[in-house]
Amino acid sequence: MDIRRRNNVNVIPGPDGAPVLLLAHGFGCDQNMWRLVVPALAERYRVVLFDYVGSGGSDLAAWSEERYSSLQGYAADVVDVCEELDLRHAVFVGHSVSAMVGVLAAQAAPERIGALVMVTPSPCYIDDEGYRGGFSTEDIDELLASLEANYLGWSSAMAPVIMGNPDRPELGQELTNSFCATDPDIARVFARTTFLTDSREDLKGVSVPTLVLECEQDAIAPREVGAWVHAAIPASRLVTLDATGHCPQLSAPQATTAAILDFLESRK
């Protein structure tokens, strides 16, 4: 199988011998979501971009509901890309649900991933005793029912909420367009995988250097989640961006880039 074609892999070389950053998008998105942070990152690092099967420019014929009904399927995509490019000790930068995908990929192939950057992560979206994920079980049930009944309508309503910058409507529109470009049947499976998975136990196994990036206000991953993730991963670093919404790589690209670079430079 041609992994590069399947996952629409793009490599920006960066300086000779530079470490590798592997950037992974979240639900309803693709690698284009990183375009505002890539130029600055590529000045110092080799940057690898890809789309999960079912997203963006990936090979849709390679998608299967069985594989992508769990985060393990997305983690397998990550490992496949790492093996195809023979990446060693790459820094995995995962947005939203991809932060947890990175945890699973690092466990599956520890020689391939040497550090994690979690951008607005959430290991569990549903509130539990002693844990605030931001949603009740009923909230998530209603969200998924609405998505499955009318995906385009759901996208138009939810994307601006997720983006969280009402004074910059062009950002919400971009996310809406990204959501609407995804096949509804594929989006339905990815949404259930995203919002119903509980990855809290997986965080206990994280042993690589980890940066947790959260925003001041985020309707999808409240700050209690960032604090919980930080506490669950020994020696992780928590940075709260002066930003609003769930997609700081679009709404606050300079602050996001600066935080990532500061973390990377501190490891040298």
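Residues numbered from 1 in each chain as written. Predicted model: local features only at pLDDT ≥ 70, side-chain atom pairs only at ≥ 80, totals over all residues. Heavy atoms only, no water.

K.L.:
Please clarify how the side chain of His 25 should be interpreted in this entry.
P.N.:
Looking at the element boundaries, His 25 is found in the loop between β2 (20-24) and α2 (38-42). Classification of His 25 as buried rests on a relative accessible area of 1%. Polar contacts involving the side chain of His 25 include one to the main-chain carbonyl oxygen of Cys 29, which spans 3.2 Å. With sequence-adjacent residues up to four places away left out, His 25 is seen in contact with Asp 30, Gln 31, Trp 34, Phe 50, Asp 51, Tyr 52, Ser 55, His 95 and Ser 98. (Helix = DSSP H or I, 4+ residues; strand = E, 2+ residues; numbered from the N terminus. Buried < 20%, exposed > 50% of the residue type's maximum accessible area, 1.4 Å probe, protein only. Polar contact = N/O pair within 3.5 Å; in protein donor to acceptor, adjacent residues only side chain to side chain. Contact = heavy atoms within 4.5 Å.)

K.L.:
Would you mind showing me how to read the nonpolar core here?
P.N.:
In a soluble, globular protein the nonpolar side chains are often hidden away together inside. Of all hydrophobic cores here, the largest spans 71 residues; its most connected members are Phe 27, Val 78, Met 118, Leu 175 and Phe 179. In terms of nonpolar packing, the next biggest core, distinct from the first, is built from 26 residues, Trp 34, Ala 115, Val 117 and Leu 211 among them. (Core = buried A, V, L, I, M, F, W, Y, C linked by side-chain atoms within 4.5 Å.)

K.L.:
Explain a negative patch on the surface here, please?
P.N.:
Judged by side-chain charge, Asp 127, Glu 138, Asp 139, Asp 141 and Glu 142 come together as a negatively charged surface patch. Assignment of secondary structure puts Asp 139 in helix α5 (residues 137-149). Asp 139 gets classed as partly exposed once you look at its relative accessible area, which sits at 34%. (Patch = residues over 30% accessible without salt bridge, like charges linked within 9 Å, V, L, I, M, F, W, Y side chains within 5 Å. Areas by Shrake-Rupley, 256 points an atom, 1.4 Å probe, with all protein chains shown as cover. Salt bridge = Lys/Arg side-chain N within 4 Å of Asp/Glu carboxyl O. Lys, Arg positive; Asp, Glu negative; His and termini not counted. Charge placed at Lys NZ, Arg CZ, Asp CG, Glu CD.)

K.L.:
What am I meant to see in the pattern of salt bridges here?
P.N.:
Side chains that differ in sign of charge can pair as their charged atoms come close. The tally for this structure, following the rule as stated, stands at 20 salt bridges. Across the pair Glu 224 and Arg 132 runs a salt bridge, and its minimum N-O distance is 2.9 Å. In this pair, Glu 224 sits in helix α9 (residues 223-232) while Arg 132 sits in the loop between β5 (113-119) and α5, placing the two residues 92 residues apart along the sequence. A relative accessible area of 41% means that Glu 224 is categorised as partly exposed. As a salt-bridge pair, Arg 200 and Asp 198 come within 2.7 Å of each other at their nearest N and O atoms. Taken together, the shared-partner salt bridges connect Arg 6, Arg 67, Asp 77 and Asp 80 into one network.

K.L.:
I would appreciate a short explanation of helix α6 (residues 151-163) in the present structure.
P.N.:
Along an α-helix, residues three or four apart share an orientation, since each turn contains 3.6 residues. In a regular helix each residue adds 1.5 Å, so 13 residues correspond to 18 Å; α6 covers 17 Å between its end C-alpha atoms and thus fits that length. Within α6, the axis deviates most sharply at Ala 157, by approximately 30°, and proline Pro 160 lies no more than four positions further along. Along α6, the positions that sit buried rather than exposed are Tyr 151, Trp 154, Ser 155, Met 158, Ala 159, Ile 162 and Met 163. Against the buried residues of α6 lie α5, α7 (169-180), α8 (184-196), β7 (237-244) and α10 (248-251). (Expected span 1.5 Å × (residues − 1). Bend = angle between axes of the 7 residues up to and from the residue.)

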